[in-house]
Amino acid sequence: MSRHHRLSTVCFKELAHGGGGVSAIAELRAGQRSRLMLLLRALTDLASSHPRIPGPLPAPRAAWELLIEAERRSPPSVAHLLLHPQVGAWLSRCLRRLRGVAEEAGAEADEVPLWLETGYLHSVAASAALLAGIDFRIVVGVRDGGVMLPALGFVALAGCDSPVAEIVADGSGGRALRAGPHTVPLPSDLTRDAKGWHPLRRLHGRHPVHPCSPYLDDVDPYRDFLRPAGPARLSEPEARGWQEDFDSAWALVAGQSNVDPAGVADCLISVVPVRYPARTEPFSASSPEAYGCVLLNPPTDSATLAASLIHEAQHVKLGALLDLVPLMHGGMEEIHYAPWRVDPRPLRGLLHGVYAFLGVTAFWQAHRHAVLDETAPSADFEFALRRAQTSHGLRTLRTHAELTALGDRFLRGIEDRLAAWLTEPVPEVPLRAAEDLNLDHRLLYRLHHLSVDPGRTGQWAQAWRLGRSAPDTLPTTVLCASRTVVSARPALIRLRLRDPDGFALLREKPEERPFDSADAPPRADLDWAAGDTAAALRGYRDRLAERPDDLSAWSGLALTLPAGPAKEALLDCPEVVLAVHRALRAPVYGGPDPVALAHWIGTRR
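Residues numbered from 1 in each chain as written. Predicted model: local features only at pLDDT ≥ 70, side-chain atom pairs only at ≥ 80, totals over all residues. Heavy atoms only, no water.

**Focus: the overall build of the protein chain**
- For the protein chain, the count of helices and strands is 24 helices and 16 strands.
- The C-alpha atoms of the protein chain give 27 Å as radius of gyration, which agrees with the globular expectation for 605 residues (25 Å, within 12%).
- Projected onto its principal axes, the C-alpha coordinates of the protein chain cover approximately 90 × 55 × 55 Å.
- Looking at the protein chain as a whole, 55% of its 605 residues are labelled buried.
- Within the protein chain, contacts between residues at least 6 apart in sequence are counted, and of these 68% link residues at least 24 apart.
- Only carbon and sulfur atoms are counted for the fraction: they give 52% of the accessible area of the protein chain, which is about 26,100 Å².
- For the protein chain, the distance from the average position of its 66 positive side-chain charges to the average position of its 71 negative side-chain charges is 3 Å. (Helix = DSSP H or I, 4+ residues; strand = E, 2+ residues; numbered from the N terminus. Rg over C-alpha atoms; globule rule 2.2 N^0.38 Å. Buried < 20%, exposed > 50% of the residue type's maximum accessible area, 1.4 Å probe, protein only. Contact = heavy atoms within 4.5 Å. Areas by Shrake-Rupley, 256 points an atom, 1.4 Å probe, with all protein chains shown as cover. Lys, Arg positive; Asp, Glu negative; His and termini not counted. Charge placed at Lys NZ, Arg CZ, Asp CG, Glu CD.)

Here's what the structure looks like:
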């Protein structure tokens with residue numbers, strides 16, 4: 001292991017322009033391997049002196065010594081294991097617990113005993129020894145009805161009540177796990193199913209030049225870095241469905257001219273199926289703590305899945321790059337608007353978003369020129385939406401971020417790549433849809449998170465009651481992050497552009513909703529997405545008469561009003577209109593007409 005890692009100028013330039021081929025990713029992976037080995041050593045040292053460890057397991061140093069022995073025999077095998085994303089996710093979580101951070105933060109740290117969570121180290125060592133092909137004997141913890149062998153698979157121990165199990169591999173080729181009266185032989189080929197053995201499946205993106213074969217992980221307790229969970233084995237039909245979707249999506253990635261497919265493939269180590277609510281955007285996630293892991297909701301279509309894979313690969317690259325070189329100072333306060341998030345974000349989060357959506361913009365730019373069928377308007381829309389969001393995020397970084405010299409070079413690379421795309425013509429319908437949704441997003445952010453000075457708001461309310469003109473100076477606002485309510489409009493626009501017939505059917509029968517939602521989409525949103533602004537305007541006014549704090553309806557009102565003072569006020573200062581409306585409400589009287597109030601504010605001197 002080298003003491004210092006240096007990123008070559010060529011690779012840095014590739015990464016700064018949103019790319020990164022095999023050589024660049026190899027440099028990033030080398031840094032990650034060293035980082036993870038250091039974290040493993042730190043965990044071993046902390047655990048060795050912790051009063052609640054080792055429990056019924058051998059001392060942590062026994063696992064460390066087996067890991068070192070495996071590395072001496074087969075360094076590539078141990079490097080493969082260290083770079084397995086779930087090992088990184090466990091390391092970060094376990095180190096926080098050992099240092100008391102999880103308990104101090106109120107995390108549910110006692111769900112898994114500390115000795116058992118730390119004991120994943122013994123399972124890591126067992127996997128390393130199996131991969132290296134050495135003889136060994138080690139005791140590991142039993143969890144969730146079995147034993148996880150990271151990067152290999154899960155040993156199921158149905159009905160076992162023993163807290164520990166022993167794994168033995170001897171020179172005769174025998175390999176087995178024993179727990180109390182249970183014995184599970186491990187097959188000679190650990191990639192194949194056997195009785196009691198569930199190997200990690202792989203997805204296969206078949207391509208003659210740029211194949212991609214990440215794990216399809218449904219068993220490791222740390223596969224979902226957002227929340228540890230027991231094994232949830234996909235059925236064979238479900239696994240085949242994921243394979244078909246991935247293969248179709250990877251064909252689109254591998255055929256790209258704007259991204260380096262080989263580099264993306266080397267960033268994708270593990271795909272984890274999850275089911276998180278996602279009405280406005282397809283859900284996907286990655287984490288610097290789990291290098292190469294991507295959480296994904298079941299795919300909706302091949303192009304969206306391909307864009308998600310590139311999006312998360314960008315996050316993976318940038319996370320590894322930031323472990324090697326500093327790009328900015330500070331930037332941790334969550335106070336900035338991000339056009340792709342409903343909550344305020346720190347500048348470092350904005351940097352990640354800009355880089356991720358640069359890759360997504362690159363994908364859609366190439367894809368929209370490659371499709372000639374009915375999906376073209378959808379691809380045009382996604383391109384227009386993502387380039388505008390990326391550009392907005394870049395402007396925020398340039399205005400507020402304290403960049404290092406390398407950070408400045410990095411942003412200049414992104415700006416150079418994006419510049420030509422910002423001038424590309426896009427057909428009117430998808431372009432207008434992207435502009436409207438970006439405006440809608442900004443309005444909803446302001447309505448949710450900007451709080452207006454109550455004293456000045458009271459003065460404005462008094463002026464209204466007395467029939468005076470609105471004051472000429474707007475009240476000051478402060479950021480006050482609050483819980484957000486998700487709008488149905490982005491999902492409806494996507495459906496209309498991707499599947500006009502399906503959208504028409506939904507408008508006719510809203511109860512037959514095609515996306516995750518407990519309720520049918522609001523009628524006003526359906527009318528707006530269909531382009532019937534007059535009907536949508538009536539619908540939003542009716543919603544506000546019934547529910548004056550319906551923030552999505554306030555934003556919808558701004559989108560559908562005709563040009564004039566009322567629209568200008570709602571576009572320029574929606575939070576002020578809302579705050580004054582709230583101040584004027586009485587227990588019985590629901591407040592003034594929102595449009596009249598917005599017109600009054602819009603005609604201030």
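**A short note on the environment of Pro-299**
- With respect to the helices and strands, the residue Pro-299 is situated in the loop between strand E12 (293-296) and helix H11 (302-322).
- Separated by 275 residues in the primary sequence, Pro-299 and Ala-24 have C-alpha atoms spaced 29 Å apart.
- Discounting residues that sit within four places of it in the chain, Pro-299 has contacts with Trp-242, Asp-245 and Leu-305.

**Some details on the packing of aromatic side chains**
- For the structure on display, the rule yields 11 aromatic pairs.
- Between Phe-12 and Phe-410 the ring centres are 6.0 Å apart and the planes differ by 55°, which places this aromatic pair in the tilted class. Residue Phe-12 is found in helix H1 (residues 9-16), and its partner Phe-410 is found in helix H14 (residues 405-422); the two are separated by 398 residues along the sequence.
- A relative accessible area of 5% means that Phe-12 is categorised as buried.
- Judged by its relative accessible area of 1%, Phe-410 falls in the buried class.
- Ring centres of Trp-460 and Trp-600 lie 6.1 Å apart, and the angle between their planes is 85°; on these two criteria the pair is classed as edge-to-face. Remark: Trp-600 occurs in helix H24 (residues 594-602) and Trp-460 occurs in helix H16 (residues 454-465); sequence separation between them is 140 residues. As far as the burial class goes, Trp-460 and Trp-600 line up, both buried.
- Through a chain of ring-to-ring contacts, three or more aromatic side chains come together here, namely Phe-12, Tyr-355 and Phe-410. (Phe/Tyr/Trp six-rings, centres within 6.5 Å; stacked < 30°, edge-to-face > 60°.)

**Here we look at helix H22 (residues 565-572)**
- Every buried residue of H22 is listed here: Ala-566, Lys-567, Ala-569, Leu-570 and Leu-571.
- Along its buried surface, H22 packs onto helix H15 (428-449), helix H21 (551-560), helix H23 (574-584) and H24.

**Quick look at the sheet that holds strand E6 (residues 182-185)**
- An order of E1-E4-E5-E6 is seen for the 4 strands of this open sheet, with the pairing classed as antiparallel. Looking at the sheet topology across the chains shown, the edges are occupied by strand E1 (136-141) and E6. Pairs of neighbouring strands in the sheet enclose a mean axial angle of 20°, with direction left out of account.
- With 6 bridges connecting them, E1 and strand E4 (residues 164-169) associate as antiparallel partners. Bridge pairing links Gly-141 to Val-164 in E4. (Pairing = 2+ DSSP bridges. Axes fitted to C-alpha atoms, helices over the stretch in contact; angles between N-to-C directions.)

**Some words on the confidence of the model for the protein chain**
- Mean pLDDT over the protein chain: 93, with 96% of residues reaching 70 or higher.
- Below pLDDT 50 for its whole length, residues 102-109 participates in 9 contacts with residues either more than four positions away or in separate chains. (pLDDT = per-residue confidence, 0-100.)

**Things to note about the side chain of Asp-436**
- Among the structural elements, Asp-436 can be located in helix H15.
- Look at Asp-436 and you get buried, because its relative accessible area is 18%.
- Ignoring sequence-local partners within four residues, the contact set of Asp-436 consists of Trp-528 and Leu-559.

**A closer look at the environment of Leu-15**
- Here Leu-15 lies in helix H1.
- According to the relative accessible area criterion, Leu-15 is buried, its value standing at 1%.
- Separated by 394 residues in sequence, Leu-15 and Arg-409 place their C-alpha atoms 11 Å apart.
- Ignoring anything within four residues of it in the chain, the contact list for Leu-15 reads Leu-7, Gly-20, Ala-24, Leu-28, Lys-317, Leu-321, Tyr-355 and Phe-410.

**A few points about the nonpolar core**
- Judged by nonpolar contacts, the single largest core of 187 residues is most densely connected at Trp-90, Leu-149, Leu-321, Phe-410 and Ile-601.
- Other than its neighbours up to four places away in sequence, Leu-321 contacts Leu-7, Phe-12, Leu-15, Leu-28, Leu-327 and Phe-410.
- Ranked by size, the runner-up nonpolar core spans 5 residues in total, among them Leu-57, Val-112, Trp-115 and Val-164. (Core = buried A, V, L, I, M, F, W, Y, C linked by side-chain atoms within 4.5 Å.)

**Section: the pattern of salt bridges**
- Per the stated rule, a full pass over the model turns up 37 salt bridges.
- Across the pair Asp-193 and Arg-233 runs a salt bridge whose closest N-O atoms are separated by 3.7 Å. Within this pair, whereas Asp-193 is found in the loop between E6 and strand E7 (197-199), its partner Arg-233 is found in the loop between strand E9 (215-216) and helix H9 (236-254), the two being separated by 40 residues in sequence.
- Here Asp-218 ties to Arg-233 by a salt bridge, and the two come within 3.1 Å at their closest N and O atoms. Highlighted residues: Asp-218 in the loop between E9 and H9 and Arg-233 in the loop between E9 and H9, separated in sequence by 15 residues.
- Taking the relative accessible area as the measure of exposure, Arg-233 reaches 27% and is therefore partly exposed.
- Taken together, the shared-partner salt bridges in this structure form one network comprising Asp-440, Arg-489, Asp-525, Arg-543, Glu-546, Arg-547 and Asp-550. (Salt bridge = Lys/Arg side-chain N within 4 Å of Asp/Glu carboxyl O.)

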